[in-house]
Amino acid sequence: MRDLKFAIRMIARKPGFAAVAILTLALGIGANSAIFTLIRAVLLRPLPFKEPHRLVMVWEDATFIGFPFNTPAFANYRDWKTQNSVFEEMAAISDTGYSLTGDGEPLKVTGYRVTHEFFPILGVQPRLGRVFTAEDDRPQAPSTAVISYSLWQSRYGGEESIIGREILLDRKKYTVVGVMPRNFEFLRNYVSVWTPMAATEQEMSGRGSHYLEVVARMKPGVAVSQAQSDIAGIQERIAHDFPDAAAKIGARVVPLSDQLVGDSGSTLVVLLVAVALVLLIACANIASLLLARATGRTREIGVRLAIGASRLHIVRQLLIESAVLSVAGGLLGLMLSSWSLEFLKYLVPPTLALSVDLSTDLPVLSFTLALSLLTAFIFGVAPALQTSRLNLNEALKQGGRTGVSASSRRIRGLLVIGETALAVMLLAGAGLLMQTILKLHGQYDPLRPESLLTLRTALSDNSYAEHSRRINFYKSVLERVRALPGVVSAGYTTSVPLEWKGGTNGFEIEGRVLDRGEFNDANHRQVTPDYLSTMGLAVKEGRLLNESDNQRSMPVTVINETMARQYWPGETSVGKRIRLGTAPTDPWFTIVGVVEDVRQMGVDVPVKAEAYFPFDQIDNQRWYAPRDLVIRTSVPPLALVEAVRNEIKAVDPQQPVSNVRTMAQVLGEETEQRRVGTIMVAVFAGVALLLASLGTYGVLAYSVSEQTRDIGLRMALGASRGNVLGMVLASGMKLAIGGVGLGLVAAFALTRLMARMLYGVGASDPLTFIAVSLILLFVAFVSCYVPARRAMKVDPMVALRYE
């Protein structure tokens, strides 16, 4: 306690030093505390389900067509469920959408069809009512629904009388039997309604349509590897028995935690490394300050040693002073961490958005305290040991300053080299990530996404069962929307780029016979004639679709460049014919044009083969019907939203409109987590650069003050001001060059670990490394120049009387 009181008094005597040290530590510790809070919530905290370590997702492995985690066919799921020996239970879910009408404005809601085992497998109880039973999950059973907490609150005011009430979904009556808890989500955080799968025997026996998502609970003591082996064996038998439908399809078992975290884990690891580097730089800075301060305390330490203090006592005293600084920095850092949580929520995977709570709780407080004490040891031990080894004779001389100067100068130089190297590593990583974001967005620039308005009008099968009604709806809406002021063109599509990561179909190429188990596969999009031109897709060969491509004309299609290269390499694809389905009555579509590629499945997912079909030449209910309206505008797109809504309402007052965004917003949402992560790494890199420059400046400034007498003597003996300037600059730039060189070697190794997070830029991109080196050297030069200029102005007569 005496040491603690003394430490506080000594720190209080130098408030400027204390303020700089505490603020520097607050930045480093606060950043680490914030990222730990995020990592704990996302990676370390158990999922909000019963025994979540036993939950897995089961996927088909269709890597041969670009889908390593493909949605299973119903018959495959049924075989897995009945033949496995590793799962207690399995459940299937299928995403869908409903038009909620009858008790307010029409509302488009996202839903899940689920088998009755779904909720029991997760072990989640409803907030109100009940979940589905086996009786509900029959084709002829009364229609029932479970709704989300958010829909219950927003649409029905949280009334408990909702249980037993009928609601209209796609204009069909469903009885609400349950309401889920506030934080319940599974795979998606915007699901509002769950309804029973109620699959027919025909649906359950299908192997050609792949649309399910399968969750399973492993038996106690079963490992994921065992489950993988068991399901893979079943899938091999399926492939053998049904080669036409499943010859190349495998199966994958993925722990649910891995599924929900996804690629976010990589981003969090990069951020953890970044904040650790920032903290190390902060420690190096404070250690350098303490070494400089220890030089001024040489006489004090010498007196204490002379009157009986042990070296261990001196080291303990100095470490306690470091701990006081670090704990104070930790407390301030904890405040900064708490303020940052609102920003950090954008790094939470959408699959965990409702269930993850970012808060400063006891584990976070414990981590911050432990990190503060560890930090105190890291930056305090070297100065403490160095100071305790001083020469008593030199220390007790009047004005004695040389007891630790030579060795401490070397240590401070090494610290500057170290923090410069760490800053290079951070800047290199930030530079590569920033280039990645720019290139991801830049590939969509030809589309001019900021001028595209997108919105969804998904038509229900109940209301638009007849093909003619759908055609009339699309044509009426487009006619009205095109007449609006500010609209350049408009078109419908099954899905705008990035909004749907599926929608592929097998197809047959005229004149080609496939081997057994082989099949062609391409994305399938139904579009209106103006869609491709509205999106701004350039024609590479042939022509676009036009108004003459209708029900009375020859069936046609337009494909993308990837499809043309993949299936007709070295020859023209225009004029070739393909067929969806294999029935003799299925029509042949003639390829009339090839358009440029656009990434549909993800900003960095390889482009798949893709075909665009005229919406009125194809069965909208059998294949993927248009649902997304795209409008090219000459005015700010969002200014037209209300007018477009009114035109749609004029065509069908009960048709809900959803997903209203510009194409630029769609792109922004797709890259949001990566952008936020990149911004944070860039901020940490900026802090690292600032700290490194301050470290260089501090070492040189102190070195100049130490060498004032020596500089004065040199100038008295004839050295010019230019000589002095060059000497000081050379001293500092040697440290900077050493740090940059060491940092480049370390960065080369570190950035290679980030390779899979990059797009359009190599992990060892020379331009990035050169730019980072030049930035560091320039900042170092500025940091060196200020003390060097001060050294030039030393008056020899004053310097010779120094001390």
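Residues numbered from 1 in each chain as written. Predicted model: local features only at pLDDT ≥ 70, side-chain atom pairs only at ≥ 80, totals over all residues. Heavy atoms only, no water.

### Structural notes on the overall build of the protein chain
Here is step 1: Helix and strand counts for the protein chain stand at 25 helices and 22 strands.
Here is step 2: Principal axes of the C-alpha set define a box for the protein chain whose edges measure 105 × 55 × 55 Å.
Here is step 3: The proportion of buried residues among the 803 residues of the protein chain is 53%.
Here is step 4: Restricting to contacts in the protein chain with at least 6 residues of sequence separation, those with at least 24 account for 82%.
Here is step 5: For the protein chain, the distance from the average site of its 81 positive side-chain charges to the average site of its 71 negative ones is 13 Å. (Helix = DSSP H or I, 4+ residues; strand = E, 2+ residues; numbered from the N terminus. Buried < 20%, exposed > 50% of the residue type's maximum accessible area, 1.4 Å probe, protein only. Contact = heavy atoms within 4.5 Å. Lys, Arg positive; Asp, Glu negative; His and termini not counted. Charge placed at Lys NZ, Arg CZ, Asp CG, Glu CD.)

### Here we look at the nonpolar core
Here is step 1: With 81 residues, the main nonpolar core has Phe118, Phe119, Phe184, Phe186 and Trp194 as its most contacted residues.
Here is step 2: The element that contributes the greatest number of residues to this core is helix H15 (residues 405-442), accounting for 10 residues.
Here is step 3: In contact with Phe184, not counting residues within four places along its chain, are Phe49, Phe118, Phe119, Leu122, Val124, Trp194 and Leu354.
Here is step 4: Grouped together as the second largest cluster of nonpolar side chains are 26 residues, Ile437, Val556, Val603 and Leu667 included. (Core = buried A, V, L, I, M, F, W, Y, C linked by side-chain atoms within 4.5 Å.)

### What about the packing of helix H3 (residues 74-83) against helix H7 (residues 224-241)?
In a packed pair of helices, the relevant descriptors are the angle between the two axes and the axis-to-axis distance.
Here is step 1: The contact between H3 and H7 brings their axes to 10 Å, and the two run at 130°. With respect to their mutual orientation, H3 and H7 come out oblique. For H3 against H7, the interelement crossing comes out right-handed. Where H3 abuts H7, its residues Asn76, Asp79, Trp80 and Gln83 lie against Ile231, Ile234, Gln235, Arg237 and Ile238. (Axes fitted to C-alpha atoms, helices over the stretch in contact; angles between N-to-C directions. Parallel < 35°, antiparallel > 145°, perpendicular 65-115°, else oblique. Left-handed = near helix turned anticlockwise from the far one by under 90°.)

### A few points about the packing of aromatic side chains
Here is step 1: Counted by the stated rule, this structure contains 23 aromatic pairs.
Here is step 2: Note on Phe119 and Phe132: the rings are 6.0 Å apart at their centroids and 55° apart in plane angle, and the pair reads as tilted. Taken together, the positions of Phe119 in helix H4 (residues 118-122) and Phe132 in the loop between strand E5 (128-129) and strand E6 (144-147) put the pair 13 residues apart, joining distant regions of the chain.
Here is step 3: When its relative accessible area of 1% is taken as the criterion, Phe119 is described as buried.
Here is step 4: Plain terms: the ring middles of Tyr567 and Trp568 are 6.3 Å apart, the flat faces sit at 65° to each other, and that makes the pair edge-to-face.
Here is step 5: The class for Tyr567 is buried, based on a relative accessible area of 10%.
Here is step 6: Looking at Trp568, the relative accessible area reads 2%, which means it is buried.
Here is step 7: Clustering of aromatic rings is evident, with ring pairs tying together Phe49, Phe118, Phe119, Phe132, Phe184, Phe186 and Trp194.
Here is step 8: If you follow Arg252 out to its NZ or CZ, it ends over the ring of Phe69, 4.9 Å from the centre.
Here is step 9: Over the ring of Tyr464 we find Arg469; its NZ or CZ atom is 4.6 Å from the centre of that ring. (Phe/Tyr/Trp six-rings, centres within 6.5 Å; stacked < 30°, edge-to-face > 60°. Lys NZ or Arg CZ within 6 Å of the ring centre and 35° of its normal.)

### Thoughts on the side chain of Glu647
Here is step 1: Position of Glu647 relative to the elements: it lies in helix H19 (residues 641-651).
Here is step 2: We classify Glu647 as buried; its relative accessible area is 18%.
Here is step 3: Side-chain polar atoms of Glu647 contact the side chain of Arg480, separated by 3.0 Å.
Here is step 4: In this structure, Glu647 is in contact with Arg480 and Leu484, ignoring residues within four places of it in sequence. (Polar contact = N/O pair within 3.5 Å; in protein donor to acceptor, adjacent residues only side chain to side chain.)

### Comments concerning the environment of Ser338
Here is step 1: With respect to the secondary-structure elements, Ser338 resides in helix H12 (residues 311-344).
Here is step 2: For Ser338 and Leu629, which are 291 residues apart along the polypeptide, the C-alpha to C-alpha distance reads 42 Å.

### Regarding the pairing of strand E7 (residues 166-169)
It is a general feature of regular strands that their side chains alternate between the two faces of the sheet.
Here is step 1: Only one face of E7 is covered, namely the face carrying Ile167 and Leu169; the face carrying Glu166 and Leu168 is uncovered.
Here is step 2: Strand direction decides the pairing type here: strand E3 (residues 87-101) and E7, joined by two bridges, are antiparallel. When the bridges of E7 are listed, Thr101 appears paired with Leu168.
Here is step 3: Here E7 folds back onto strand E8 (residues 172-179) in antiparallel fashion, the turn holding two residues, of which Asp170 has a positive phi close to 50°. (Pairing = 2+ DSSP bridges.)

### Points about the packing of helix H23 (residues 721-752) against helix H24 (residues 766-792)
Here is step 1: For the pair H23 and H24, interaxial distance at closest approach is 8 Å and the crossing angle is 155°. The angle between H23 and H24 falls in the class roughly antiparallel. The handedness of the crossing between H23 and H24 is right-handed.
Here is step 2: Partitioning the contact of H23 with H24 into residue classes produces 22 nonpolar, three polar and two charged. (Nonpolar A, V, L, I, M, F, W, Y, C, P; charged D, E, K, R; others polar.)

### Overview of the pattern of salt bridges
Here is step 1: Inspection of the entire model under this criterion finds 36 salt bridges.
Here is step 2: Linking Arg188 and Glu213 is a salt bridge whose minimum nitrogen-to-oxygen distance equals 3.3 Å. Of this pair, Arg188 sits in the loop between E8 and strand E9 (191-196) while Glu213 sits in strand E10 (residues 213-218), placing them 25 residues apart in sequence.
Here is step 3: Of the charged contacts in the structure, one is a salt bridge between Glu669 and Arg661, with a shortest N-O distance of 2.3 Å.
Here is step 4: Linked through salt bridges whose partners overlap, the residues forming this network are Arg456, Glu499, Asp628, Arg661 and Glu669. (Salt bridge = Lys/Arg side-chain N within 4 Å of Asp/Glu carboxyl O.)

### Notes on the environment of Thr375
Here is step 1: Checked against the element boundaries, Thr375 lands in helix H13 (residues 362-388).
Here is step 2: Residues Thr375 and Ala423, spaced 48 residues apart in sequence, show a C-alpha to C-alpha distance of 18 Å.
Here is step 3: When neighbours within four sequence positions are excluded, Thr375 is seen to be in contact with Leu25, Ile29, Leu279, Cys283 and Ser326.

### With respect to the side chain of Glu213
Here is step 1: Glu213 sits in the buried class, given a relative accessible area of 7%.
Here is step 2: Within the local environment of Glu213, its side chain forms a polar contact with the side chain of Arg188, the two groups lying 3.3 Å apart.
Here is step 3: Setting aside anything within four residues of it in sequence, one finds Glu213 in contact with Met57, Trp59, Thr71, Pro72, Ala91, Ala92, Ile93, Tyr112, Leu187 and Arg188.

### A closer look at the pairing of E3
Here is step 1: Note that E3 and E10 share six bridges and pair antiparallel. Directly across from Phe87, in E10, lies its bridge partner Met218.
Here is step 2: The pairing of E3 with strand E4 (residues 107-114) spans eight bridges and is classified as antiparallel. In the strand pairing of E4, Gly97 is matched with Thr110.

### Topic: a nonpolar patch on the surface
Here is step 1: On the surface, Leu280, Leu374, Phe377 and Ile378 cluster together into a nonpolar patch covering about 360 Å² of accessible area.
Here is step 2: With relative accessibility at 39%, the residue Ile378 sits in the partly exposed group. (Patch = residues over 30% accessible without salt bridge, like charges linked within 9 Å, V, L, I, M, F, W, Y side chains within 5 Å. Areas by Shrake-Rupley, 256 points an atom, 1.4 Å probe, with all protein chains shown as cover.)

### Points about the environment of Arg632
Here is step 1: Mapped onto the elements, Arg632 comes out in strand E21 (residues 628-633).
Here is step 2: With residues up to four places along the chain from it excluded, the contact list for Arg632 reads Leu447, Arg448, Ser451, Leu452, Gly486, Val487, Val488, Ser489, Thr534, Met535 and Gly536.
Here is step 3: Polar side-chain contacts of Arg632 include one of 3.0 Å to the backbone oxygen of Arg448.

### Topic: unusual backbone geometry
Here is step 1: Not every positive phi belongs to a glycine, and Leu498 is a case in point at roughly 80°.
Here is step 2: Mapped onto the fold, Leu498 is located in the loop between strand E13 (487-493) and strand E14 (504-509).
Here is step 3: Phi angles above zero are rare outside glycine, and Asn659 is one such case at about 55°.
Here is step 4: Within the fold, Asn659 resides in strand E22 (residues 658-662).

### Thoughts on the confidence of the model for the protein chain
A low pLDDT means the predicted coordinates there should not be read in detail.
Here is step 1: Averaged over the protein chain, the pLDDT score is 88; the fraction of residues at 70 or greater is 94%.
Here is step 2: Taken together, the stretch residues 398-404 has pLDDT below 50 and engages in 12 contacts with residues farther than four places along the chain or on a different chain. (pLDDT = per-residue confidence, 0-100.)

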